[in-house]
Amino acid sequence: MPRNPSTGVYSKPAGTTPSVGQVIDPVPWNALTTDLGNEITNSLPRDGSAPMVAPLKAASGTVSAPGLGFASTPQTGLYLKGAGLLGFTQNGVDVAFDKASVYAAKSGDYTALASDDNAVHRFTSDAVVTLTAATTLGANWHYAVIADGGDVTIDPTASETIDGAATLVVPNGYSAFIICSGSGFFSNKLMTRILSKADSSAVGDFVVGLILSNNSSSPNTHVDFAAGSARSGSRFVSNSSSITKRMNGTFAAGPGAGGLDTGSVAANATYFTYALRKDGDQTFDVVLSTSATIAGVNTALLTGYTIVKCIGVVLTDASSNIRPFILYPRDEYTFVTPVKDAVSAPISSTSALLALTVPNGTRVKAKLRFQYTSTATTASALFSDPSQGILAASIGNDGGNVGAVQVASNYAIGSADIWTNTNKQIRQVAGAAGIIWMWTDGFYFPCGRAA
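A brief structural summary. Along each chain, numbering runs from 1 in the same order as the chain's sequence is written. Where totals are concerned, whole chains, interfaces and linings use all residues; where local detail is concerned, this predicted model gives features only for residues with pLDDT of at least 70, and gives and counts side-chain atom pairs only at 80 or more. As a rule here, side-chain values cover all heavy atoms of the structure and leave hydrogens and water aside.

A closer look at the sheet that holds strand β5 (residues 110-112)
Strands are treated as partners if at least two bridges between them are detected by DSSP. Note on conventions: DSSP H or I runs of at least 4 residues are helices, E runs of at least 2 residues are strands, and numbering of each starts at the N terminus. One open sheet accounts for four strands, arranged β5-β7-β9-β10; its pairing is mixed. The strands lining the two open edges of the sheet, one partner per strand, are β5 and β10 (168-170). Shown here is a sheet whose adjacent strand axes are inclined to one another by a mean of 25 degrees, direction ignored. Of the strand pairs in this sheet, strand β7 (residues 127-131) and strand β9 (residues 152-156) are connected by five bridges, and their pairing is parallel. Structural elements are reduced to axes, namely lines fitted to C-alpha atoms, with helices fitted over the stretch in contact, and the angle between N-to-C directions of any two is expressed from 0 to 180 degrees.

What follows is the structure, encoded as structure tokens:
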């Protein structure tokens, strides 16, 4: 009788326990020697000269007494954990091994599950990753996100947080490693550091991109802002795609939403545009205000946002529509249709202020063209920066920028780029009384664009 296959216990055949003087029956004894030979053959040689030919079944063991250990260090080896899991122990201490990393590409929103432990997901478009409850995922659950085609928002369930915040945005082109504590989530802080790095010191003042333009579908009421970035001192924000804001509505977050800080759009008004950074996830937005300074912007609707920098200006006409314009490099604005700011207007040898169609509340350099006529001959007109004070036209005084009339009642023309005062005015004066026409082609409103 061979070994019991379940217990491994060997039992001798009956009739193989002799007594003194007994005549041995060869049948049971032959069976005994045959069994012994078979079992010796089936035993594993200690010198390792032959391998196992069937699975080796070890005792379940424990972390302090593994089922498969070593003679010199019996507390190091393998044992069976609960739920049929294999355990590794080293000197009686459990050794944890990570799951195999699994890669997958995602093209939309996704809910991260317990089975995604140690997964790497690459998102190819804007997406929201909702994290299953931390208590469900458990301590040590971890997950990697690659944003490769859009921004990815990490959103823990309910009131749970990540790095102490409600969400974490992984901008397009970046990645983040996330780990669960069993009650909340944390990142490896690399993304947080990258997003805050720009604020670590005051390193300049500039605008890159963020070009303003009339929206092609709704040019009278909507303004487009191209992709770009802005900095003012230690404040910084960037945007990887264009955004549109409405002038006919108060501020609300996101593209296509209202943009005014307060009130409703007015006629013949100036609206300064300010880049915003959302404090929670560093995302970009824009608010429009009649205030020429950040301090004057109404912030009642801007809770949770930081105003970074003024990035441009928009003017409305008498119908409260946005004046069509083109924004060129170095903050140069050109009206699609030149504005006639003087039509058969009187001019004399007494200096006077003249209002233009340019931004109000700030100084700009107006792009102007003039035409002048006078019954006097050799008379010229002078248009100048009000900060220069009162000037006098004519070659014997402060000169002119509209050529001298050589024939009575004839015309002289000229052009100039002239700085205004904060009330959008320049000064005018002539060597002799006459009539002027003036066209405003646009203006320079310096925000820090170099290109």
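Examining the nonpolar core
Each nonpolar core is a collection of buried residues, namely Ala, Val, Leu, Ile, Met, Phe, Trp, Tyr and Cys, held together in the definition by side-chain atoms within 4.5 Å. For every residue, the accessible area (1.4 Å probe, protein chains only) is compared with the maximum for its type, and the residue is labelled buried under 20%, exposed over 50%, or partly exposed between those bounds. One finds Ile 311, Tyr 372, Phe 383, Met 438, Phe 443 and Phe 445 to be the most contacted residues of the largest nonpolar core, which totals 64 residues. Counting residues per element, this core draws most heavily on strand β22 (residues 305-315), which supplies eight residues. Counting 22 residues, the second-largest nonpolar core is a separate cluster that includes Ala 112, Leu 131, Ala 134 and Ala 176.

Concerning the environment of Tyr 79
Structurally, Tyr 79 is set in strand β1 (residues 77-80). Classification of Tyr 79 as buried rests on a relative accessible area of 10%. In the structure, Tyr 79 is positioned 14 residues away from Ala 65 in sequence and 7.9 Å away in space, judged by C-alpha atoms. Two residues qualify as a contact provided that any one of their heavy atoms is within 4.5 Å of a heavy atom in the partner residue. Contacts of Tyr 79, omitting those with residues within four sequence positions, involve Ser 60, Gly 61, Thr 62, Val 63, Pro 66, Gly 67, Leu 85, Leu 86, Gly 87, Phe 88, Thr 89 and Asp 94. Polar contacts involving the side chain of Tyr 79 include one to the side chain of Asp 94, which spans 2.7 Å. The definition of a polar contact used here is a pair of N or O atoms within 3.5 Å, where within protein one atom must be able to donate a hydrogen and the other to accept one, and adjacent residues in sequence count solely through side-chain atom pairs.

A word on the environment of Arg 3
One can find Arg 3 in the segment before α1 (26-42). By relative accessible area, Arg 3 is classed as partly exposed at 37%. Linking Arg 3 and Leu 36, residues 33 residues apart in sequence, is a C-alpha distance of 9.8 Å. Not counting residues within four places of it along the chain, the set of residues in contact with Arg 3 comprises Gly 8, Val 9, Tyr 10, Glu 39 and Ser 43.

What to know about the packing of aromatic side chains
Two rings belonging to Phe, Tyr or Trp (six-membered ring only in the last case) form a pair when the distance between their centres is within 6.5 Å. Interplanar angles under 30 degrees mark stacking, angles over 60 mark edge-to-face geometry, and anything in between is tilted. Applying the stated criterion across every chain, the model contains nine aromatic pairs. Summarising the aromatic geometry, the rings of Phe 272 and Phe 445 are spaced 5.8 Å apart at their centres and angled 55 degrees between planes, so their arrangement reads as tilted. Here the residue Phe 272 occupies a position in strand β20 (residues 270-278), and Phe 445 occupies one in the segment after β31 (434-444), the gap between them amounting to 173 residues. With relative accessibility at 0%, the residue Phe 272 sits in the buried group. Where Tyr 411 meets Trp 437, the ring centres are 5.8 Å apart and the plane angle is 55 degrees; that geometry is what we call tilted. Within this pair, whereas Tyr 411 is found in strand β29 (residues 411-419), its partner Trp 437 is found in strand β31, the two being separated by 26 residues in sequence.

Notes on the layout of surface pockets
In this model, the largest pocket occupies a volume close to 830 Å³. Forming the walls of the largest pocket are 31 residues, and the residues nearest its centre are Asp 151, Ser 238, Asn 239, Thr 283 and Phe 284. Every element with two or more residues in the lining of the largest pocket is listed here: α3 (190-197), β17 (235-239), β20 and β21 (284-289). Counting residues per element, the lining of the largest pocket draws most heavily on β17, which supplies four residues. Residues are said to line a cavity or pocket when one of their atoms sits within 4 Å of a point; the points come from a 1 Å grid over protein atoms alone, cavities being sets where a 1.4 Å probe fits but cannot get out and pockets being open sets with protein on both sides within 12 Å along at least five of seven lines. Grid points are joined across faces, edges and corners, and a volume is the space filled by probe spheres set on the points.

A short note on unusual backbone geometry
Excluding glycine, a negative phi dihedral is what most residues carry, and trans is how most peptide bonds are arranged. The backbone phi angle of Asn 118 is positive, close to 70 degrees, even though this residue is not glycine. Within the secondary structure, Asn 118 sits in the loop between β5 and β6 (119-123). With a phi close to 55 degrees, Lys 424 is a non-glycine residue in the positive phi region. Counting through the fold element by element, Lys 424 comes out in the loop between β29 and β30 (425-430).

Here's the deal with the sheet that holds β31
Judged by pairing direction, the sheet is antiparallel, and its five strands sit side by side in the order β23-β24-β31-β26-β29 without closing on themselves. Two strands close off the open sheet at either side, each with one partner strand: β23 (325-328) and β29. Taking each pair of neighbouring strands and ignoring which way they run, the sheet shows an average axis angle of 30 degrees. Alignment of strand β26 (residues 365-373) against β29, held across nine bridges, turns out to be antiparallel. The partner of Thr 373 across the bridge, within β29, is Tyr 411.

A closer look at the pairing of β6
Here β6 shows a buried face lined by Ala 119, His 121 and Phe 123 and an unburied face lined by Val 120 and Arg 122. Bridge analysis of strand β4 (residues 102-106) against β6 gives five bridges, and the strand direction is parallel. Paired with Ala 105 across the strands is Arg 122, a residue of β6. Pairing analysis gives five bridges linking β6 to strand β8 (residues 142-147), with the strands arranged parallel. From the neighbouring strand, His 121 faces β8, where its bridge partner is Val 145.

Notes on the pairing of strand β16 (residues 228-232)
Here β16 lies mainly inside the structure; five of its five residues are buried. Alternating residues of β16 divide into Gly 228, Ala 230 and Ser 232 and Ser 229 and Arg 231, and every residue in both groups is buried. As paired elements, strand β13 (residues 205-209) and β16 share five bridges and run antiparallel to each other. Bridge assignment links Asp 205 to a residue of β16, and that residue is Ser 232. Counted between consecutive antiparallel strands, the loop separating β16 from β17 contains two residues, among which Gly 233 sits at a positive phi close to 60 degrees.

Any link to function would need more than the numbers given here.
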